[in-house]
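Each chain is listed here by its residues.
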Amino acid sequence: MNQDNLQQGLHLTFYCHVRARHEGMLVSQWLLEQARRDGLGGGSVFRATAGFGRHGVLREEQFFELADDLPVKVEFLLREDQADLLLERVRAAGIDTVYARTPANYGVLGNGAAKAG
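The rules behind each value
- Positions within a chain are numbered from 1, following the residues in the order the chain's sequence is written.
- Local features are withheld for residues below a pLDDT of 70 in this predicted model, meaning they are given only at 70 or higher, and side-chain atom pairs are given and counted only at 80 or more; totals for whole chains, interfaces and linings count all residues.
- Hydrogens and waters are ignored; side-chain quantities use all the structure's heavy atoms.
- Type-normalised accessible area, obtained with a 1.4 Å probe on protein chains alone, sets the label of each residue: buried when under 20%, exposed when over 50%, and partly exposed for intermediate values.
- Each helix is a run of DSSP H or I of at least 4 residues and each strand a run of E of at least 2, with the numbering of both proceeding from the N terminus.
- Residues are treated as being in contact if the distance between any of their heavy atoms lies within 4.5 Å.
- Pairing of aromatic side chains here covers Phe, Tyr and the six-membered ring of Trp, requires ring centres within 6.5 Å, and sorts the geometry by plane angle: under 30 degrees stacked, over 60 edge-to-face, intermediate tilted.
- Looking at any residue, its pLDDT shows the predictor's confidence there, from 0 to 100.
- Should a side-chain nitrogen of Lys or Arg be within 4 Å of a carboxyl oxygen of Asp or Glu, the pair is scored as a salt bridge.

## What to know about helix α1 (residues 27–37)
Phase 1 of the analysis: Along α1, the residues that are buried comprise V27, S28, W30, L31, E33, Q34 and A35.
Phase 2 of the analysis: In this structure, the buried residues of α1 make contact with β1 (7–17), β2 (21–22), β3 (25–26), β4 (43–47), β7 (71–78) and α2 (80–93).
Phase 3 of the analysis: Looking one or two residues beyond α1, the residue adopting positive phi is G39, at roughly 70 degrees.

Now the structure itself:
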C-alpha cells in the first residue's frame with residue numbers, strides 16, 4: 001500500500017442548524033467561506049434527516065414545521081495549524097456552534113494525488 005501522500009491532521013466538524021445565520025450568511029456558508037479565504041483544504045456540508053442537540057429539541061423531516069431547522073454538519077480535513085486558525089475565526093466571530101476535533105490520517109487517491117502536493 002502506497003502511503004506517500006498520507007497526511008496526519010484533524011477532522012474538524014461543526015454542528016449547527018440549517019438556517020442559523022451570522023452576518024446575514026448561513027453559518028454553514030460562512031464556515032466554508034472562511035476556510036476558502038484562508039486557503040484551507042476543502043469542506044463539505046451535510047444536512048441531517050433528524051437530530052437533537054444540546055437543548056433537547058428533536059427535529060425531523062417528517063414534521064413540516066420543524067423541517068427547515070434541521071441540523072447540519074460542516075466538516076473539514078485539515079492540518080492542526082489550519083484547524084486552530086479556523087477555530088480562532090469562529091471564536092472571534094462569536095458564532096454559536098458545537099464542534100468536534102478528531103485526529104485523522106488522510107490522503108488523495110486517483111488523478112488528484114499528483115495535484116495534491
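Still more ground to cover, so stick around.
## A word on the packing of aromatic side chains
Phase 1 of the analysis: Per the stated rule, a full pass over the model turns up 2 aromatic pairs.
Phase 2 of the analysis: Aromatic side chains F14 and F76 sit 6.4 Å apart centroid to centroid with 80 degrees between the ring planes, which places their arrangement in the edge-to-face category. Taken together, the positions of F14 in strand β1 and F76 in strand β7 put the pair 62 residues apart, joining distant regions of the chain.
Phase 3 of the analysis: A relative accessible area of 1% places F76 in the buried class.

## Concerning the confidence of the model for the chain
Phase 1 of the analysis: Counting all residues, the mean pLDDT for the chain is 84, and 76% of those residues have values of 70 or more.
Phase 2 of the analysis: Within the chain, no element has a lower average pLDDT than helix α3 (residues 112–116), which sits at 53, and none a higher one than α2, at 97.

## What to know about the pattern of salt bridges
Phase 1 of the analysis: Throughout the structure, instances matching the rule amount to 7 salt bridges.
Phase 2 of the analysis: For D38, the salt bridge identified is with R89, shortest N-O distance 2.8 Å. Of the two residues, D38 is situated in the loop between α1 and β4 and R89 in helix α2; the sequence distance between them amounts to 51 residues.
Phase 3 of the analysis: Ionic pairing is found between D81 and R79, a salt bridge with its closest N-O pair at 3.1 Å.
Phase 4 of the analysis: By relative accessible area, which is 46% here, D81 ends up partly exposed.
Phase 5 of the analysis: A relative accessible area of 40% means that R79 is categorised as partly exposed.
Phase 6 of the analysis: Several salt bridges share partner residues, and in doing so they unite E33, R36 and R37 into one network.

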